[in-house]
Amino acid sequence: MTQTTPATAATSPTRPRRPRIHRAWFVAAVAFVTILGAAAFRSLPGLLIDPLNEQLGWSRGTIGAAVSINLALYGLTAPFAAALMDRFGIRRVVAAALTLIAVGSGLTYWVTAAWQLLLCWGLLVGLGTGSMALAFAATVTNRWFTERRGLVTGILTAASASGQLIFLPVLALMVDAGNWRPAAVTVALAALTVVPFVWLLLRDHPADVGLAPYGSQEFVPKPPPAQGAARRAVTVLFSAARTGPFWLLAGTFAICGASTNGLIQTHFVPAAHDHGMPVTAAASLLAVIGVFDVVGTIFSGWLTDRFEPRRLLAVYYALRGISLLFLPMLLAPSVHPPMLFFIVFYGLDWVATVPPTVALCREQYGEDSAIVFGWVLASHQVGAALVAFVGGVARDVFGTYDMVWYASGALCAAAALMALVIRRKPVAVGMAA
């Protein structure tokens, strides 16, 4: 009879430990704080359009171009970041990304020329935030959870809105005091503060601590590091691009980015200021959006676990488009009840689209869903980048943002129709690792 040694038993975790609170929830908490800290920069661009225009004489189109580069790189970096996490681990990639955000934002303090803004805001911070994109949340969810995935996706997505809630009022007060440069330093310090939490507490895989994923009865061995991360990201893109659902998901998410990050987050504060509203009041309204964004996203994750994701997306986009059509009539020098209703409504709908989009990617593309979602997120940011730039140019040319609001509302109606025609049958795609 073969006797089992202690060493053999230690290496055969057939019955993983079951702590009272699963380690996956601690990992999700660290990921939440990490995304929250990285969200500080996302609160800044909309506040600086008017100060940079007034103090340095740059046009809104030029400033919008810097934001546009940042948003585009944010999206285009995401699929490669997901593949790099498979190769080098979540902890290393995220720590490096936070450091890059801190460097780019800190250097903004000394900018005196437009090209320097493009370099710091556009290139450095764009690459850093791209590596901290929603693909990070999707990777953590896929590795650590087999149950409650929709809920966890909603919680991690809401972290960005929570960061906006925390940082927007503080940064708005700094900018309103007449000097925007300390606000850039504050963002850099926020990113650096999160790095120790990531390095000390975040773990790449449940197997690193001898656990099964949350909700699983079986231990899942940690896969070996994936070779050729960049090649794999491109290969996954080419394979997914041969399927119809990919283009529908990418198209709807591009419109999502255009109507949120590119439009409201970048141009709402200067648009409200055009109508006589103080910058601090407009920034506070964006912060309120962040409050209800948290509620709406978590609730959307709960709904995604129970209802058809396609129909949820159609409802979200349709309601968003209707609200944008009314926005030009609501802007005024002071905050009134109809504007508050818009803010609450838009906050609930802001990133409610993420959990059903992630669920559809997982349904269609299985194990490669995190990388596929990274490319879908890239389309989200390309849409945001386009509207961030076009919105600034439209304001320079027409002297108003009205045309941008109406066009975005029409695009949301198109996104609602696109969501309904996504096939429910999973697509078998030969993804080469």
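How each quantity is defined
Residues numbered from 1 in each chain as written. Predicted model: local features only at pLDDT ≥ 70, side-chain atom pairs only at ≥ 80, totals over all residues. Heavy atoms only, no water. Salt bridge = Lys/Arg side-chain N within 4 Å of Asp/Glu carboxyl O. Helix = DSSP H or I, 4+ residues; strand = E, 2+ residues; numbered from the N terminus. Buried < 20%, exposed > 50% of the residue type's maximum accessible area, 1.4 Å probe, protein only. Core = buried A, V, L, I, M, F, W, Y, C linked by side-chain atoms within 4.5 Å. Domains from an automatic or database assignment. Contact = heavy atoms within 4.5 Å. Buried area = accessible area lost by both parts, 1.4 Å probe. Polar contact = N/O pair within 3.5 Å; in protein donor to acceptor, adjacent residues only side chain to side chain. Nonpolar A, V, L, I, M, F, W, Y, C, P; charged D, E, K, R; others polar.

**With respect to the pattern of salt bridges**
Piece 1. All chains considered together, the criterion is met by 3 salt bridges.
Piece 2. Between Asp274 and Arg395 there is a salt bridge, with its nearest N and O atoms 2.7 Å apart. Separated by 121 residues along the polypeptide, Asp274 in helix H12 (residues 261–274) and Arg395 in helix H17 (residues 369–398) bring together distant segments of the chain.
Piece 3. Arg395 sits in the buried class, given a relative accessible area of 15%.

**Focus on the nonpolar core**
Piece 1. Core analysis: the biggest nonpolar cluster contains 95 residues, and Leu47, Trp121, Ile264, Phe268, Met339 and Trp405 have the highest contact counts within it.
Piece 2. If one sorts the elements of this core by residue count, H17 sits on top with 12 residues.
Piece 3. Looking at which domains feed residues into this core, each of domain 1 (23–209) and domain 2 (239–421) supplies at least three.
Piece 4. Of all hydrophobic cores here, the second largest spans 33 residues; its members include Met85, Ala137, Val194 and Leu211.

**Considerations on the domain arrangement of the protein**
As a measure of interface size, the accessible area lost when the parts come together is often cited.
Piece 1. Domain assignment breaks the protein into domain 1 (23–209) and domain 2 (239–421).
Piece 2. Contacts between the two partners involve 48 residues from domain 1 and, on the opposite side, 46 residues from domain 2.
Piece 3. In total, domain 1 and domain 2 occlude about 3800 Å² of area from one another, counting both sides; carbon and sulfur atoms represent 70% of this.
Piece 4. Where domain 1 touches domain 2, the interface holds 0 salt bridges.
Piece 5. Inspection of the region where domain 1 meets domain 2 yields 6 residue pairs in polar contact (both at pLDDT 80 or more).
Piece 6. Secondary structure elements with two or more residues in the side of domain 1 that touches domain 2: helix H3 (45–55), helix H4 (60–88), helix H7 (134–144) and helix H8 (149–176).
Piece 7. Partitioning the side of domain 1 that touches domain 2 into residue classes produces 26 nonpolar, 15 polar and 7 charged.

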